[in-house]
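The residues making up each chain are set out below.
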Amino acid sequence: MRRIPLIGICAALVLLVAACGGGGAKSVPSDAVVVVGDQEVSKAEWDALLLQTKRNFQATHRKFPQAGTEEYGKLKTNATQFLIQSSEYQQEADKLNVEVSDKDVDARLAQIKKQYYGNPPGQKPASAAQMEKRYQAALKQQGFTDKEVRQGIKLQLLREKVFKKVTADVKVSDDDVKAYYEKNKKQYETPAQPETRDLRHILVKKKAKADELYAELQADPSKFAQLAKKFSTDTSSATNGGKLPPGVGVKGRLDPAFEKVAFSIKENVVSKPVKSQFGWHLIEALGPVKPGTPAKATALNSQVKEAIRQQLLAQKQREEMDKWLADMKKSYCKKISYQQGYTPPAGQDPCKTPAKTTSGAATTSG
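Residues numbered from 1 in each chain as written. Predicted model: local features only at pLDDT ≥ 70, side-chain atom pairs only at ≥ 80, totals over all residues. Heavy atoms only, no water.

A. Expanded view of the overall build of the chain. The helix and strand tally for the chain stands at 12 helices and 10 strands. Counting the 366 residues in the chain, one finds 41% classified as buried. Restricting the contact set of the chain to residue pairs at least 6 apart, pairs at least 24 apart contribute 72%. Counting every atom, the chain has about 21200 Å² of accessible surface; 53% of that belongs to carbon and sulfur. (Helix = DSSP H or I, 4+ residues; strand = E, 2+ residues; numbered from the N terminus. Buried < 20%, exposed > 50% of the residue type's maximum accessible area, 1.4 Å probe, protein only. Contact = heavy atoms within 4.5 Å. Areas by Shrake-Rupley, 256 points an atom, 1.4 Å probe, with all protein chains shown as cover.)

Next up, the structure:
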């Protein structure tokens, strides 16, 4: 059974989230665990999130931490910080006039069901009933409800829409593209190709055997393939009469002693025994040395331009979003008040200490 995507959101408590800690002056109602700006996070929401995580632990056969343990304390803190971060996002989304409708959630869930609970390519498409049955089985297996998955999807869509809104004015100019290309030209060139040669050889362990075979070939060169099949210890080429596979006879990639002879002997002439790290070789060049080609620059054509533009756009969008998030978190650090018992332990307040994001990168909040 496939795991439901967005499990990172649904099972948020197992993640470290970089929401803001607090120092706000607002009083916290008795039925709330924290006040974030103009919103309250209710005790009911907090309990529901912790219960959701407990069900996921049980469904996936993991032991849920006992109250009072360090692990349980981390889950409590993560639950609070996750809900703070969600509240911050929602409030800022409202200011940006960003909304996620039930229709949006339905469409994304339908897409998820088709992608993860449909039939593999090449098979008859799964019916809606089949996909729904598999989806419900996955919910049970992971300890989630349909409502919780929909909440996770809604949060994900909210983040996506906020990202789109925040980065809407980010642009990449033709000058940006050209400057990047000029600075990184080597990334856009066809690499130089070395000289190559079609070769065949016979490899044996002892020089005496190599000398014996060399003498036999001097008397009758046409026996090379026959002798290679019979005596060569290079099994990859022996079955082909000693001929090296395509892409092997490349200058700069062979044993130095072997290569020196292989690229210097005349065509259709068998070399005297050559010693390498693998043993003793008798080498025959089956054709002339094929010249290599120098590196060739790729012009700044439309395809290269578009690839660079998309790369730079993604980078600029990430930078813009990172700045927006940093500003948001900094502003909310002054607008958060905790209920007694829910304040982050010493060293875990994201506004006062370095914190890890969900990707594991270290950041400093506050």
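Continuing now.
B. Representation of the pattern of salt bridges within the structure. Throughout the structure, instances matching the rule amount to 19 salt bridges. Between E148 and R55 there is a salt bridge whose closest N-O contact spans 2.2 Å. Taken together, the positions of E148 in helix 6 (residues 146-166) and R55 in helix 2 (residues 43-59) put the pair 93 residues apart, joining distant regions of the chain. Judged by its relative accessible area of 10%, E148 falls in the buried class. According to the relative accessible area criterion, R55 is partly exposed, its value standing at 25%. Where E92 meets K95, a salt bridge forms, and the shortest distance between an N and an O atom there is 3.0 Å. Note that E92 and K95 are positioned in helix 3 (residues 70-95) at a spacing of three residues, about one turn of the helix. Judged by relative accessible area, E92 falls into the buried class, the value being 12%. (Salt bridge = Lys/Arg side-chain N within 4 Å of Asp/Glu carboxyl O.)

C. Quick look at the state of the cysteines. By the definition in use, this model includes one disulfide. Here C333 is linked by a disulfide to C351, with a sulfur-sulfur distance of 1.7 Å. Taking the sign of the torsion about the S-S bond as the criterion, the disulfide between C333 and C351, at about -95 degrees, is left-handed. Taken together, the residues span a long stretch of sequence, with C333 in the loop between helix 12 (302-332) and strand 8 (336-338) and C351 in the loop between strand 8 and strand 9 (354-356) at a distance of 18 residues. Since its relative accessible area comes to 11%, C333 is described here as buried. Given the relative accessible area of 14%, C351 is considered buried. (Disulfide = S-S within 2.5 Å.)

D. Region of interest: the pairing of strand 4 (residues 199-204). The buried count for strand 4 comes to six of six residues, which makes it a mostly enclosed element. A two-sided burial pattern is seen for strand 4, the buried positions comprising L199, H201 and L203 on one face and R200, I202 and V204 on the other. Here six bridges tie strand 4 to strand 6 (residues 279-285), and the two strands are oriented antiparallel to one another. Within strand 6, the position partnered with L203 by the bridge is H281. (Pairing = 2+ DSSP bridges.)

E. Structural detail: the sheet that holds strand 6. Here we have three strands laid out as an open sheet, ordered 4-6-5, and antiparallel in their pairing. Edge positions in the sheet fall to strand 4 and strand 5 (274-276), since each of these pairs with one other strand and no more. Sheet twist, expressed as the mean angle between neighbouring strand axes with direction ignored, is 40 degrees. Both strand 5 and strand 6 contribute to a ladder of three bridges, which runs antiparallel. Along strand 6, the bridge assignment pairs S276 with G279. Against the sheet, helix 9 (residues 224-231) touches strand 4 and strand 6, its axis set at about 40 degrees to strand 4. (Axes fitted to C-alpha atoms, helices over the stretch in contact; angles between N-to-C directions.)

F. Representation of unusual backbone geometry in the model. Here H61, not a glycine, exhibits a phi torsion of approximately 60 degrees, which is positive. Mapped onto the elements, H61 comes out in the loop between helix 2 and helix 3. You can call H61 exposed: its relative accessible area is 75%. For N97, which is not glycine, the phi dihedral falls at a positive 60 degrees. Tracing the chain through its elements places N97 in the loop between helix 3 and helix 4 (102-117).

G. A look at the nonpolar core. One finds V34, Y89, V162 and W324 to be the most contacted residues of the largest nonpolar core, which totals 44 residues. Going through the elements one at a time, strand 1 (32-36), helix 2, helix 3, helix 4, helix 5 (128-142), helix 6, helix 12 and strand 8 are the ones with two or more residues in this core. A per-element tally of this core places helix 3 first, with eight residues. Once residues lying within four places of it in the same chain are set aside, the contact partners of Y89 are L158, R159, V162, M321, W324, L325 and M328. Residues V204, A210, L217 and V270 belong to the second largest nonpolar core, which totals 12 residues. (Core = buried A, V, L, I, M, F, W, Y, C linked by side-chain atoms within 4.5 Å.)

H. Summary view of the packing of aromatic side chains. Summed over the entire model, instances satisfying the criterion amount to six aromatic pairs. A ring pair is formed by W46 and Y342, whose centres lie 5.2 Å apart and whose planes are at 80 degrees; its orientation type is edge-to-face. Of this pair, W46 sits in helix 2 while Y342 sits in the loop between strand 8 and strand 9, and the two are 296 residues apart along the sequence. Judged by its relative accessible area of 15%, Y342 falls in the buried class. One aromatic cluster in this structure is built from F57, F64 and Y72. Note that K76 overlies the ring of Y342, its terminal NZ or CZ placed 5.5 Å from the centroid. In this arrangement the basic side chain of K335 is found over the ring face of Y332, its NZ or CZ atom lying 5.3 Å from the centre. (Phe/Tyr/Trp six-rings, centres within 6.5 Å; stacked < 30°, edge-to-face > 60°. Lys NZ or Arg CZ within 6 Å of the ring centre and 35° of its normal.)

That's the geometry; what it means functionally is another story.
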